[in-house]
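# Observations on the model geometry
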Amino acid sequence: MDQRVVVVGGGIAGLVAARELAAAGRTVLLLEGSPTVGGKLRRGEVAGITLDVGAEAIVNRRPEGVALARELGIGLVRPSAATSRIWTRGALRPLPRTLMGAPLDLAQLADSGVLGDEGLRAARREPELAATTLTEAETDLSVGDLVDRRYGPEVTDRLVEPLLGGVYAGRAREISVRAAIPSLLDLAERGSITAQAGGVPPSAAGSIFTGIPGGMWRLPVELGRALVATGRVEIRTGAMATGLRRTADGFEVTVRTAGDERLETADEVVLATPAAPTARLLATVAPAASGELARVEYASTAVVTFAFHADDPGVRAALDVGASGFLVPPVDGRRIKAATFSFAKWDWVRAGGATPEGDLLVLRTSVGRIGEEETLQVPDEELVAASLADLAEATGLSAEPVDARVQRWGGGLPQYAVGHLDRVARIRAGVAAVPGLAVCGAAYDGVGIPAVIASAQRAAAELVAGSCAGDTGDSPEG
Ligand SMILES: Cc1cc2nc3c(=O)[nH]c(=O)nc-3n(C[C@H](O)[C@H](O)[C@H](O)COP(=O)(O)OP(=O)(O)OC[C@H]3O[C@@H](n4cnc5c(N)ncnc54)[C@H](O)[C@@H]3O)c2cc1C
């Protein structure tokens, strides 16, 4: 008989796990608590233009995201050559070449004006420093601590914070270097980072990111469609898993839908949910893993998307300046942490803004970092007003938007604290001790879409390998 798997969570991780398991011959029931699949890959509408209000790009240095899109027949596009700036020390400045904020070119760093004199003097000493050595007790350290040691604190404050903040909405002096940028630690352990810069692959924005015309939200939507078409996967939305129990021959999942609660049985279960719901579901099934998961913190953020009439006075001069947006270091005390000029970054967004009444320029700001939850505990209008005030100061923009849309991501981004990799190993050990159970998603091996896809592929492979190891010689299905 077919093995029946329940996958909990219809973000990209759950969908990919379902795909792999269906391909291995399983019958899959995928439960998604919200009304749509996709999770952080979500569509929204601003001034009649449909676009992403969550993730909007995939890194193509790893193959998984690009490969998945291609397999689904989704065309891919490069962003324009426009590059991001950094709004610091009162001006929009060019972003020097860095590895996640750690400078790779000290001359560019000096020319950028991002650092003050003292900060620059400290950074310039990096090539003379001996290789970084970790003490035996110090198996991991934060990105910020490593960069502080090599370049001085101003580099961490003005470069690493905004770049890491763009990915994790976290604090550089708390995020694990081993989990977030292991290559930076490898370089530092060999010697000067700047002296080895030639060996670091080029990181011009255009060369490492890929997008999907129409939006990244299309990836889960197309994937969901393809899964249902196999006849092996049922996707149930508006279905929240509220309990998980082991039974004599598998699992029982409690599923709550509007006005109804029922039990679903399964031979195998994949939990593709963020750490907090996963911890709750594992409370009795894998209590040690549950305890570890409960300690993974999440940052809340909001994305505010605007449309401006390009022909309004001053709009083009302020926004259409050849930049794809700008990052903002927390040390400068602004409300926004980044602005992405979507119209300048993606040709399909610019084209979508071309209307008979004139061109609309669409951009988005992001607000909120870990520990700054109070900045988000305000009405939408206040986030809009704060974003407009910062945009005005940074770019000179004074026009009123045609439309604005706030998307909140409460508990949106997991924080990989120092020691994260060891924690993940303990979680996986606790889960692996329960036959037929696996976990995947952004809480484990990387928050970027390719890493999340890889974690789902790994979870599915673990289940398939586990069931093969458990075979007694009877011919399995599939
Ligand atoms: C604003 C923002 C921008 C981002 N931008 C990028 C980007 O440009 N590029 C990039 O690579 N990454 C980006 N990321 C990160 C990336 O989008 C996420 O890490 C990734 O999509 C997470 O996928 P996931 O499947 O692990 O989790 P999620 O997308 O969180 O999906 C989990 C799903 O589980 C569901 N769920 C939760 N509990 C239950 C339950 N009990 N029962 C049933 N369902 C449940 C949720 O409703 C959700 O749909 C961004 C993240 C955010 C927040």
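Residues numbered from 1 in each chain as written. Predicted model: local features only at pLDDT ≥ 70, side-chain atom pairs only at ≥ 80, totals over all residues. Heavy atoms only, no water.

A word on the pairing of strand E18 (residues 336-340). Counted residue by residue, E18 has five buried out of five residues, so it is predominantly covered. Here strand E17 (residues 323-327) runs beside E18; their pairing, made up of three bridges, is antiparallel. Looking across to E18, one finds that Phe326 is bridged to Ala339. Across four bridges, E18 lies against strand E20 (residues 358-367) in antiparallel orientation. For Ala338, the partnering residue across the bridge sits in E20 and is Ser366. (Buried < 20%, exposed > 50% of the residue type's maximum accessible area, 1.4 Å probe, protein only. Helix = DSSP H or I, 4+ residues; strand = E, 2+ residues; numbered from the N terminus. Pairing = 2+ DSSP bridges.)

A word on the domain arrangement of the chain. Annotation of the chain at the domain level lists domain 1 (4-40 + 216-296 + 416-469), domain 2 (57-81 + 298-414) and domain 3 (98-200). In this structure, domain 2 and domain 3 have C-alpha centres spaced 27 Å apart. Facing the 16 residues of domain 2 at the interface are 12 residues of domain 3. Summed over both sides, the interface of domain 2 with domain 3 buries roughly 1,000 Å², with 60% coming from carbon and sulfur. Considering only the surface of domain 2 that becomes buried against domain 3, Leu327, Val331 and Ile370 emerge as the three largest contributors, covering 37% of it. Our count for the domain 2 to domain 3 interface comes out at one salt bridge. Seen at the junction of domain 2 and domain 3, the total is four residue pairs in polar contact (both at pLDDT 80 or more). A breakdown of the residues in the side of domain 2 that touches domain 3 according to their chemical character gives nine nonpolar, three polar and four charged. (Domains from an automatic or database assignment. Contact = heavy atoms within 4.5 Å. Buried area = accessible area lost by both parts, 1.4 Å probe. Salt bridge = Lys/Arg side-chain N within 4 Å of Asp/Glu carboxyl O. Polar contact = N/O pair within 3.5 Å; in protein donor to acceptor, adjacent residues only side chain to side chain. Nonpolar A, V, L, I, M, F, W, Y, C, P; charged D, E, K, R; others polar.)

Moving on, we come to the site of the ligand. The local shell around the ligand holds 33 residues, among which Glu32, Lys40, Ala57, Val447 and Ile449 are the closest. For the ligand, an oxygen atom lies 3.0 Å from a polar atom in the backbone of Ala13. In this structure, an oxygen atom belonging to the ligand sits 2.5 Å away from a side-chain N or O atom of Lys40. For the shell around the ligand, the secondary structure elements donating two or more residues are helix H1 (12-23), strand E2 (27-32), strand E12 (240-247), strand E21 (403-414) and helix H18 (449-469). Here the shell around the ligand gathers at least three residues from each of two domains, domain 1 (4-40 + 216-296 + 416-469) and domain 2 (57-81 + 298-414). (Near = heavy atom within 4 Å.)

Let us look at the sheet that holds strand E13 (residues 250-257). The strand order E12-E13-E14 describes an open sheet built from three strands, whose pairing is antiparallel. Each edge of the open sheet is held by one strand with a lone partner, namely E12 and strand E14 (260-266). The average angle at which neighbouring strand axes cross in this sheet is 20 degrees, direction not considered. Relative to E14, E13 runs antiparallel, the two sharing seven bridges. (Axes fitted to C-alpha atoms, helices over the stretch in contact; angles between N-to-C directions.)

Right, let's talk about H1 for a bit. Counted at 1.5 Å a residue, the expected span for H1 with its 12 residues is 16 Å, and the 16 Å between its end C-alpha atoms agrees. Along H1, nine of the 12 residues are buried, which leaves the element largely enclosed by surrounding structure. Within the sequence span of H1, burial applies to Ile12, Ala13, Gly14, Leu15, Val16, Ala17, Ala18, Leu21 and Ala22. Once H1 finishes, Gly25 follows within two positions and takes phi at roughly 100 degrees, a positive value. (Expected span 1.5 Å × (residues − 1).)

The strand order E11-E2-E1-E15-E22 describes an open sheet built from five strands, whose pairing is parallel. Both outer strands of the open sheet, strand E11 (233-237) and strand E22 (437-439), are each paired with one neighbouring strand and no more. Across the sheet, the mean angle from the axis of one strand to that of its neighbour is 15 degrees, orientation sign disregarded. Sheet topology places strand E1 (residues 4-8) next to E2; five bridges connect them, and they run parallel. Looking at E2, one finds that Arg4 is bridged to Thr27. Docked against the sheet, H1 engages E1, E2, E11 and strand E15 (268-271), running at close to 170 degrees with respect to E2.

Moving on: unusual backbone geometry. Not every positive phi belongs to a glycine, and Ala47 is a case in point at roughly 50 degrees. Its location among the elements puts Ala47 in the loop between strand E3 (43-46) and strand E4 (49-52). Phi is positive for Ala169, close to 50 degrees, though the residue is something other than glycine. By secondary structure assignment, the location of Ala169 is in the loop between helix H6 (153-168) and helix H7 (177-180). Judged by relative accessible area, Ala169 falls into the buried class, the value being 0%.

Moving on to the confidence of the model for the chain. Across the chain, the average pLDDT comes to 94, with 97% of residues at or above 70. Contacts for the low-pLDDT stretch residues 472-478, under 50 throughout, to residues beyond four places or in other chains number six contacts. (pLDDT = per-residue confidence, 0-100.)

Before going further, it helps to examine the packing of helix H5 (residues 143-151) against helix H8 (residues 182-190). Contact pair H5 / H8: the axes reach a minimum separation of 11 Å and the direction vectors enclose 30 degrees. Comparing the axis directions of H5 and H8 gives the class roughly parallel. Crossing angle aside, the handedness with which H5 passes H8 is left-handed. Between H5 and H8, the residues in contact are Val143, Leu146, Val147 and Arg150 and Leu184, Leu185 and Ala188, respectively. (Parallel < 35°, antiparallel > 145°, perpendicular 65-115°, else oblique. Left-handed = near helix turned anticlockwise from the far one by under 90°.)

Quick look at the packing of aromatic side chains now. Taken as a whole and assessed by the stated rule, the structure comprises five aromatic pairs. The rings of Trp87, Phe326, Phe341 and Phe343 are connected pair by pair, giving a single aromatic cluster. Taking NZ or CZ as reference, Arg43 lies 4.6 Å from the ring centre of Trp217, over its face. Above the plane of the ring of Phe209 lies Lys345, whose end atom (NZ or CZ) is 5.9 Å from the centre. (Phe/Tyr/Trp six-rings, centres within 6.5 Å; stacked < 30°, edge-to-face > 60°. Lys NZ or Arg CZ within 6 Å of the ring centre and 35° of its normal.)

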